[in-house]
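Chain residues, written in single-letter form:
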Amino acid sequence: MAIALPEQGLIALRKSVSRRQLYSNLFAIVGLISILVALVVLVALIIHLLSQGLTSIDWQFLTSPASSDAEEAGVFIALVGSGLVMLVTTTLAVPVGIAAGIYLEEYARKGWLADLIEINVTNLAGVPSIVYGLLALGLFKYALNLGESIITAGLTLALLVLPVVIVTTREAMRAIPSSLREAAYALGASKWRMVKDHILPYSMGSILTGIIIGLSRAIGETAPLVTIGALTFITFLPDSPIQPTFPFISFSWLLSPFTVLPIQMFSWVSRPDLAFEAKAAAAGAVLLALTLLMNGFASFLRYRLRKGIKW
Amino acid sequence: MVSETSGHRSQSGIAHKAKVEAVNLSFYYGGSKAAIKNVSLAIPEKQITALIGPSGCGKTTLLRCFNRMHDLYDNNRYEGKILLDSTVNLISTKIDPIEVRMRVGMVFQRPNPFPKSIYENVAYGLRIRGESRRRVIDQKVEQSLQQAALWNEVKDRLNDQAYDLSGGQQQRLCIARALATDPELILFDEPTSALDPIATANVEQLMLQLKDKVTMLVVTHSMQQAARISDYTAFMYLGELVEFDQTSKIFSAPAQEKTRDYIGGRFG
Ligand SMILES: Nc1ncnc2c1ncn2[C@@H]1O[C@H](COP(=O)(O)OP(=O)(O)OP(=O)(O)O)[C@@H](O)[C@H]1O
Ligand SMILES: [Mg+2]
């Protein structure tokens, strides 16, 4: 009997182990299927876009303004518009967002006020973008009288990206172990030295990744820009920022009317002429390529900046 | 009660001049419950003082009072004084904690080098003191690594990442980093508890060599370690200082029954 007991125990143990293995495998299979579904949809989408639009993408398409003739229509103005709007968005949202993140994480006293701000910022990141459009319409276009311009669009998208930047910055900074902060403080570092020499460099990879993901969301935004009155048909470029005469630099482009890629795409889709549908698909492919490029850049930065930084 | 009488009695056995002295020091992690209760302790200059006691008795808490580490977190509160050279009260609100940390170095329980090169780790303390002359920093880095008995192992790879070093080497790097700024007092919080026996022996050897340069206060959970390296030993229990005396005395003829029980392994 004394021998048989462990024998039985062993059988029971094996049974329980193989049951657990089954659950574990089951989960792996479910996970794999979910990933496959997501991937298949994405790939199908890309193939669809490319098959429709690829034939239309050529140098002429990329360098021509919009036109009512489908043959001649191109995305040049929209491409420049997207670029300039993102430039404004980035220069506004990135410094302000990182600074706010640093303040909230390292300087603000922990307490109910900090918690309230945290909840607010996190929720702002989830507010539907059209709501930002409405806010911008009232604030930038009417109250500040900035018109239907690049600066209005840049500010609107900056508002949209700002909470994402703040949240990412805080999360990246929080991931740095407190032992490293204490090591710096113990040597006599001030708070600012500690942030500048340690927290920022160690978390920059994650922060930049978050920023780029936020920006690649912004570049595809249509609703808030339609709300503030972006044009759907425009055939001229904004003023050049570089001028031949003194003072050589001009900011009047900030007040120019504009359009962006997704709006251009939308306007082509809504035309009855079928030839424009291929143009829309082509614009979509360009937009997708831009987004992928930005994400690739984010991965590259993450890889470069994290090399040798681990804890 | 126990701590007060013993505190006074044991002071008589201290032959060395005090470098830092805690006077009626209490510490609160917020709230009204003291984690350190009315501790008076004179740490002798250029000696190794060990802080022993059961887990949770407040060794780390006491140690971190000496470089105002508790100021980093909200709601912490000190009472009493910690006098450096009998003059400056380190925990006075008039003294900037940065000034304190410029004079008092610290080595942590787990090696925590910065994710930078070996050289930059040691140089960092000098850089935040505004030193930018390459020659001065080079020289100080070499000297500190020599003192930390690490120079021979790393002299050809100063620009390698500190994380590529072994655990024991990382801890000696952290000691070098603390030494580079010539602190008057170095605090060690269980500096060898994450290390294997050989690395431990290296670090202990190193601490003994540093004795003629700097005052050291070491928290350890190992009584053997306290006996091996320290000149003086303080025994703490439940936030109070029970007994403080020469290490030989504490381990051979402790005055307090609590100390005797702890040394004898009857609790803790
Ligand atoms: N950050 C904190 N907030 C509140 N209480 C704390 C904090 N850190 C420690 N304590 C409490 O203070 C007391 C002393 O803790 P401390 O870490 O100083 O003990 P210790 O002697 O270093 O123990 P060990 O040997 O386990 O490291 C414990 O009761 C602990 O629960
Ligand atoms: Mg401790």
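Scroll up to find the structure.
The sections below set out a description of the structure shown in this document. (Residues numbered from 1 in each chain as written. Chains lettered and ligands numbered in written order. Predicted model: local features only at pLDDT ≥ 70, side-chain atom pairs only at ≥ 80, totals over all residues. Heavy atoms only, no water.)

## Regarding the overall build of chain B
Point 1. The helix and strand inventory of chain B stands at 11 helices and 10 strands.
Point 2. Here the C-alpha radius of gyration of chain B, 18 Å, is about what a compact globule of 268 residues would show, namely 18 Å.
Point 3. When its C-alpha atoms are laid out on the principal axes, chain B stretches across 55 × 40 × 35 Å.
Point 4. Taking the intrachain contacts of chain B between residues at least 6 apart in sequence as the baseline, contacts between residues at least 24 apart amount to 69%.
Point 5. When the accessible surface of chain B is split by element, carbon and sulfur atoms take 48% of a total near 11,400 Å². (Helix = DSSP H or I, 4+ residues; strand = E, 2+ residues; numbered from the N terminus. Rg over C-alpha atoms; globule rule 2.2 N^0.38 Å. Contact = heavy atoms within 4.5 Å. Areas by Shrake-Rupley, 256 points an atom, 1.4 Å probe, with all protein chains shown as cover.)

## Thoughts on the side chain of Lys59 of chain B
Residues and elements named next belong to chain B.
Point 1. Relative to the helices and strands, Lys59 is located in helix H2 (residues 59-63).
Point 2. Although Lys59 is buried, it forms no salt bridge, and the closest oppositely charged side chain is Glu190 at an N-O distance of 4.9 Å.
Point 3. Of note is the side chain of Lys59, whose polar atom sits 3.0 Å from the backbone oxygen of Gly53. (Buried < 20%, exposed > 50% of the residue type's maximum accessible area, 1.4 Å probe, protein only. Lys, Arg positive; Asp, Glu negative; His and termini not counted. Salt bridge = Lys/Arg side-chain N within 4 Å of Asp/Glu carboxyl O. Polar contact = N/O pair within 3.5 Å; in protein donor to acceptor, adjacent residues only side chain to side chain.)

## Re the site of ligand 1
All names here are of chain B.
Point 1. Residues in contact with ligand 1, as listed here, are Tyr29, Ala35, Ser55, Gly56, Cys57, Gly58, Lys59, Thr60, Thr61 and Glu190.
Point 2. Interatomic distance of 3.4 Å between a side-chain N/O atom of Tyr29 and a nitrogen atom of ligand 1.
Point 3. Interatomic distance of 3.3 Å between a backbone N/O atom of Cys57 and an oxygen atom of ligand 1.
Point 4. Examining the composition of the shell around ligand 1, we find that three residues originate from one element, H2, more than from any other. (Near = heavy atom within 4 Å.)

## So, the packing of helix H10 (residues 261-269) of chain A against helix H11 (residues 275-306) of chain A
Residue and element names in this part refer to chain A.
Point 1. Relative orientation of the contacting elements H10 and H11 amounts to 160 degrees, with a least axis distance of 8 Å. As judged from the angle between their axes, H10 and H11 are roughly antiparallel. At the point where H10 passes H11, the crossing takes the left-handed sense. The segment H10 lies against H11, with Leu261, Pro262, Met265, Trp268 and Val269 engaging Phe276, Lys279, Ala280, Ala283, Gly284, Val286, Leu287 and Leu290.
Point 2. By residue class, the composition of the contact of H10 with H11 is 11 nonpolar, one polar and one charged. (Axes fitted to C-alpha atoms, helices over the stretch in contact; angles between N-to-C directions. Parallel < 35°, antiparallel > 145°, perpendicular 65-115°, else oblique. Left-handed = near helix turned anticlockwise from the far one by under 90°. Nonpolar A, V, L, I, M, F, W, Y, C, P; charged D, E, K, R; others polar.)

## A short note on the packing of helix H3 (residues 76-107) of chain A against helix H6 (residues 150-174) of chain A
Residue and element names in this part refer to chain A.
Point 1. One can describe the packing of H3 onto H6 by two numbers: an axis separation of 6 Å at closest approach and a directional angle of 35 degrees. In this structure, H3 crosses over H6, and the sense of that crossing is right-handed.
Point 2. Its residues placed into classes, the contact of H3 with H6 shows 23 nonpolar, five polar and four charged.

## Some remarks on the interface of chain B and chain A
Point 1. Between chain B and chain A, the contact holds 28 residues from the first and 22 residues from the second.
Point 2. Roughly 2,100 Å² of surface becomes buried between chain B and chain A when both sides are summed, with 59% attributable to carbon and sulfur atoms.
Point 3. Where chain B touches chain A, the interface holds two salt bridges.
Point 4. Across the salt bridge formed by Arg109 of chain A and Asp74 of chain B, the nearest N and O atoms sit 3.6 Å from each other.
Point 5. Our count for the chain B to chain A interface comes out at seven residue pairs in polar contact (both at pLDDT 80 or more).
Point 6. Going through the elements one at a time, helix H3 (97-103), strand E6 (104-107), helix H4 (118-128) and helix H7 (167-179) of chain B are the ones with two or more residues in the side of chain B that touches chain A.
Point 7. Looking at the side of chain B that touches chain A, the element that brings in the most residues is H4 of chain B, giving four residues.
Point 8. The residue makeup of the side of chain B that touches chain A, split by class, is 15 nonpolar, five polar and eight charged. (Buried area = accessible area lost by both parts, 1.4 Å probe.)

## Some words on the pattern of salt bridges
Residue and element names in this part refer to chain B.
Point 1. The final tally for this structure, using the stated rule, is 26 salt bridges over all chains.
Point 2. A salt bridge links Asp182 to Lys140, with the nearest nitrogen and oxygen atoms 3.0 Å apart. With Asp182 in the loop between H7 and strand E7 (185-189) and Lys140 in helix H5 (residues 134-147), this pair connects stretches of sequence that are 42 residues apart.
Point 3. When its relative accessible area of 52% is taken as the criterion, Asp182 is described as exposed.
Point 4. Given the relative accessible area of 15%, Lys140 is considered buried.

## Some points on the packing of aromatic side chains
Point 1. Within this structure, the stated rule accounts for seven aromatic pairs over all chains.
Point 2. An angle of 90 degrees between the planes, with centres 4.9 Å apart, marks the rings of Phe27 of chain B and Tyr29 of chain B as edge-to-face.
Point 3. The buried category is assigned to Phe27 of chain B, whose relative accessible area is 0%.
Point 4. One aromatic cluster in this structure is built from Phe27, Tyr29 and Tyr78 of chain B.
Point 5. Over the ring of Tyr107 of chain A we find Lys191 of chain A, and its NZ or CZ is 5.3 Å from the ring centre. (Phe/Tyr/Trp six-rings, centres within 6.5 Å; stacked < 30°, edge-to-face > 60°. Lys NZ or Arg CZ within 6 Å of the ring centre and 35° of its normal.)

## Side note on the sheet that holds E6 of chain B
All names here are of chain B.
Point 1. Taken together, the six strands give an open sheet; going across it, the order is E6-E7-E8-E3-E9-E10, and neighbouring strands pair in mixed fashion. The outermost strands of the open sheet, each flanked by one partner alone, are E6 and strand E10 (240-246). Neighbour-to-neighbour, the strand axes of this sheet turn through a mean angle of 20 degrees, independent of strand direction.
Point 2. H7 contacts E6 and E7 of the sheet and is inclined by roughly 175 degrees relative to E6. (Pairing = 2+ DSSP bridges.)

Interpretation note: all reported values are geometric properties and have no functional meaning in isolation.
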